[in-house]
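If you want the building blocks of each chain, they are given just below.
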Amino acid sequence: MDWMLQAVGQTQGLHPYIPGKPVEQLLREKGLSHAVKLASNENPYGASPKAIKAMQTTASEVHRYPDGDCTNLKSALADHHAVQASQILLGNGSNEVLELIIRSFAGVGDNVVYSQCGFIVYALATQAAGATQVAVPDTKELGHDLDAMAAAVNDKTKVVCIANPNNPTGTLLHNDQLQAFLDNLPHHIVVILDEAYHEFVTDIKADSLNALKHPGLVVSRTFSKAYGLAGCRVGYALADSALLNVVNRFREPFNVNHLAQVAAQAALDDHDWVMDKVERVKSERARLEIAFEAWGILGGKSYANFVLLKHPMAGKILNKLEDQGIIPRPLAGYGLASYLRISIGTIEENCLLLKSLHIALEQTSNI
Ligand SMILES: Cc1ncc(COP(=O)(O)O)c(C=O)c1O
């Protein structure tokens, strides 16, 4: 069929995003009755009770379309960040926000610059927009090499993407490094500073909002990680109103559903709940990193809600963990075959992880 040939032509070279393995799949594959997913950097403590209640109360209204402009949520976010509502763009997860921004400013003949070890969606969204991917090799610590990224920028560059902290490597850039990079960029270049893991950063030198200056700066955030609403799909960007005016022309009218809007607003309002969970994750991050270090398998310091494991037989360790019902994330797709990314779970889940990892390491060293 002609339309099929046409579709195949258009999608050649496009790769789908590969998410973390679902629990049900591992249970089926291994014949297990219980498994712990530590592969998608979700909040292991669930969603804020206020957010759940807001969704329950609102469930009877879902026969109506949502507010296409997310008026109430935008206004709450505007107060939260002390910006105008027109400086906020809401999306179906920050994933949609990233895609919309890349598609709005880069197309055929344009370049998008990002780090080779940067979040994979930058590459996928660039490709889907028909623009050229410029993946810059990372530093030996698996961070963004800002000097090399600056050198990769040319007349064709329309967008630069930086994840801070980075997924999957957990590295962090400070404001002074970022501002020095921005100072050397032409003003028209859109820079996405993807802060999906911002809440897990303790370092005030990385508090970008109101500190960094660049006309095309877009800071993206999400309700999927610290706020525990990954399944609702809601994220947002903060940027200049005129820039977002352009992006809004590419946005579908009802891109954030009604339940997601009320849940996000309630979660934003439940500051103490969120901060309590963030503190637990940070203290567990320190515990896991100390254990990994002692076993000689720490892949680097992480500033996000996951830790990095490094081992020459990472693939085997992954299999041995899965045999015991633990699902980590392989990183071979990023060219990091000797690394695994492991999301920080509850205290009980992390104890189970350490126990299973100890067994996996022993078994692997006997192979
Ligand atoms: C760095 C980074 N940015 C953006 C996202 C997208 O998250 P969401 O679409 O759930 O907001 C993720 C998800 O893992 C991420 O790691």
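The model shown is predicted, which means the values in this text are computed figures rather than measured ones.

Asks: Please clarify how the sheet that holds strand 12 (residues 339–343) should be interpreted in this entry.
Replies: Strand pairing in a sheet takes place through backbone hydrogen bonds and is either antiparallel or parallel in direction. Overall, antiparallel pairing links the 3 strands, which are arranged 9-12-11 in an open sheet. A strand with exactly one partner marks an edge of an open sheet, and here the two such strands are strand 9 (306–310) and strand 11 (329–330).

Asks: In this structure, what is going on with the nonpolar core? I would like to understand it.
Replies: One broad trend across soluble globular proteins is that nonpolar side chains are buried collectively. Formed by 104 residues in total, the largest nonpolar core has its most connected members in Ile101, Ile192, Val218, Leu229, Ala263 and Ala267. Looking at this core element by element, the count peaks at 7 residues for helix 10 (residues 258–269). When residues of this core are sorted by domain, at least three fall in each of domain 1 (19–46 + 272–365) and domain 2 (49–269). For valine 218, the residues in contact, after removing those within four places along its chain, are Ile101, Val190, Val191, Ile192, Leu193, Ala237, Ala239 and Leu243.

Asks: Is there a simple way to explain helix 5 (residues 93–105) in this structure?
Replies: Side chains three or four residues apart in an α-helix point the same way, a direct result of the helix having 3.6 residues per turn. An ideal rise of 1.5 Å per residue puts 18 Å on 13 residues; helix 5 measures up with 19 Å between its terminal C-alpha atoms. The element helix 5 is extensively covered by neighbouring structure, given that 12 of its 13 residues are classed as buried. Buried residues of helix 5: Gly93, Ser94, Asn95, Glu96, Val97, Leu98, Glu99, Leu100, Ile101, Ile102, Ser104 and Phe105, and no others.

Asks: Sorry if this is basic, but what is going on with helix 3 (residues 49–58) here?
Replies: Taken as a whole, helix 3 has its buried residues at Ala51, Ala54 and Met55. An end-on view of helix 3 places all buried positions within 95° of arc, on one side of the element. Exposed positions of helix 3 whose direction lies more than 90 degrees from the buried face are Pro49, Gln56 and Thr57. Looking at the buried positions of helix 3, the neighbouring elements they touch are helix 10.

Asks: Would you mind showing me how to read the site of the ligand here?
Replies: Within the structure, the ligand sits among 13 residues, and Gly93, Asn95, Asn167, Thr222 and Ser224 are positioned closest to it. The leading source of residues in the shell around the ligand is helix 5, at 3 residues.

Asks: For this particular structure, what's the right way to read the domain arrangement of the chain?
Replies: One widely used convention gives an interface's size as the accessible area the parts lose upon coming together. With domains assigned, the chain is organised as domain 1 (19–46 + 272–365) and domain 2 (49–269). Relative placement of domain 1 and domain 2: their C-alpha centres are 26 Å apart. In this assembly, 23 residues from domain 1 lie in contact with 23 residues from domain 2. Going through the elements one at a time, helix 11 (271–294) and strand 9 are the ones with two or more residues in the side of domain 1 that touches domain 2. It is helix 11 that provides the largest number of residues to the side of domain 1 that touches domain 2, a total of 5 residues. Here the residues of the side of domain 1 that touches domain 2 sort into 10 nonpolar, 8 polar and 5 charged.

About the criteria used
- The numbers attached to residues start from 1 for each chain and follow its sequence in the written order.
- Where local features are concerned, this predicted model is filtered to residues with pLDDT of at least 70; where side-chain atom pairs are given and counted, the filter is 80 or more; whole-chain, interface and lining totals use all residues.
- Should DSSP find at least two bridges between two strands, the strands are regarded as paired.
- Note on conventions: DSSP H or I runs of at least 4 residues are helices, E runs of at least 2 residues are strands, and numbering of each starts at the N terminus.
- Put simply, a nonpolar core is buried Ala, Val, Leu, Ile, Met, Phe, Trp, Tyr and Cys residues tied into one set by C-beta atoms within 7 Å.
- Exposure is read from a count of other C-beta atoms within 10 Å of each residue's own; the residue is exposed at 12 or fewer, buried at 20 or more and partly exposed in between. C-beta atoms are placed from the backbone.
- Each domain span listed reflects an automatic or database assignment of domains.
- Here, residues touch in the contact sense if the C-beta positions derived from the backbone fall within 7 Å of one another.
- Each helix should span, by expectation, one fewer than its residue count multiplied by 1.5 Å.
- The arc in question is the one traced by the directions running from the helix axis out to the C-beta atoms.
- As a rule, any residue with its backbone-derived C-beta atom within 6 Å of a molecule or strand is reported as near that molecule or strand.
- Amino acids outside the nonpolar list (Ala, Val, Leu, Ile, Met, Phe, Trp, Tyr, Cys, Pro) and the charged list (Asp, Glu, Lys, Arg) are all regarded as polar, and Gly is one of them.

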